[in-house]
Amino acid sequence: MSSDSATAVDMELVRDVVRAAVKPLGPLSQRGLARDAGLDRDVVYDILQGRNNNPSLKVLAALAGALGTDLSVFGIRLRSELPSAAELEQALLDSLPEMPRRGSWERKASFLAEAVAAILGLPPAQPATPLGEDRPPSRGRAKAAPPPSPTN
């Protein structure tokens, strides 16, 4: 999760809510909660033991759904309406002075996306797909054609 206050997750609160839902305090086993949430059986255990201090919003939403509630049970407030064009414009204007001047278009786009999300209080984005893994081709420079083969 992002470390900014708009999207930070209080992991103690998350652990307290999950502890209250699973045995011995609650009605569910750890595996049962994970199964009801559609998650791997170790997810709940890892959160409770402090092995996962950065669960994704998808994981937290699945756990909240299995508990019959929403992300607010974990203290997460998500924006329910789309930002206006004026809000987006202001967020971009606020972000541009700090944007890196050098680097790839992907780096600049990532910076702007993170900055705008933070300013507007949107949930943090998941990391981009690592290079070489099912990624659409870059719109940057095309690769040079291989040199022509020598002729006799």
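Structure first, text after, so check above.
Residues numbered from 1 in each chain as written. Predicted model: local features only at pLDDT ≥ 70, side-chain atom pairs only at ≥ 80, totals over all residues. Heavy atoms only, no water.

Considerations on the overall build of the chain
What the chain contains, in helices and strands, is 6 helices and 0 strands. Along the chain, from the amino end to the carboxyl end, the secondary structure elements read α-α-α-α-α-α. Within the chain, buried positions represent 24% of all 152 residues. (Helix = DSSP H or I, 4+ residues; strand = E, 2+ residues; numbered from the N terminus. Buried < 20%, exposed > 50% of the residue type's maximum accessible area, 1.4 Å probe, protein only.)

Quick word on the packing of helix H5 (residues 85-95) against helix H6 (residues 105-120)
The N-to-C vectors of H5 and H6 enclose an angle of 120°; their axes lie 9 Å apart at closest approach. Here H5 lies oblique to H6, going by the angle between them. When you trace H5 past H6, the crossing you get is right-handed. Contacts from Glu 87, Leu 88, Ala 91, Leu 92, Asp 94 and Ser 95 of H5 reach H6 at Phe 111, Leu 112, Ala 115, Val 116, Ile 119 and Leu 120. Here the residues of the contact of H5 with H6 sort into 9 nonpolar, 1 polar and 2 charged. (Axes fitted to C-alpha atoms, helices over the stretch in contact; angles between N-to-C directions. Parallel < 35°, antiparallel > 145°, perpendicular 65-115°, else oblique. Left-handed = near helix turned anticlockwise from the far one by under 90°. Contact = heavy atoms within 4.5 Å. Nonpolar A, V, L, I, M, F, W, Y, C, P; charged D, E, K, R; others polar.)

Considerations on the nonpolar core
If you look at the biggest cluster of nonpolar residues, it comprises 22 residues, and the most contacted ones within it are Val 14, Val 44, Leu 63 and Phe 74. Where this core is concerned, the elements lending two or more residues are helix H1 (11-21), helix H2 (30-37), helix H3 (42-48) and helix H4 (57-66). For this core, the element with the most residues is H4, which contributes 6 residues. When sequence neighbours within four positions are dropped, the list of residues in contact with Val 44 reads Val 18, Val 22, Gln 30, Leu 33, Ala 34 and Leu 63. (Core = buried A, V, L, I, M, F, W, Y, C linked by side-chain atoms within 4.5 Å.)

A word on the packing of aromatic side chains
Here the structure, examined in full by the defined rule, presents 0 aromatic pairs. Residue placement shows Lys 108 over the ring face of Trp 105; its charged tip is 5.1 Å from the ring centre. (Phe/Tyr/Trp six-rings, centres within 6.5 Å; stacked < 30°, edge-to-face > 60°. Lys NZ or Arg CZ within 6 Å of the ring centre and 35° of its normal.)

Focus on the environment of Leu 120
Note that Leu 120 resides in helix H6. Owing to a relative accessible area of 11%, Leu 120 belongs among the buried residues under this scheme. As for Leu 120 and Gln 90, which are separated by 30 residues in sequence, their C-alpha atoms are 9.9 Å apart.

Observations regarding the packing of H2 against H4
It is at 8 Å that the axes of H2 and H4 come closest, and there the two elements cross at 105°. The angle between H2 and H4 places the two elements in the roughly perpendicular class. The residues of H4 that touch H2, namely those facing Leu 33, Asp 36 and Ala 37, are Ala 62, Leu 63 and Ala 66. Looking at the contact of H2 with H4 residue by residue, the class counts come to 5 nonpolar, no polar and 1 charged.

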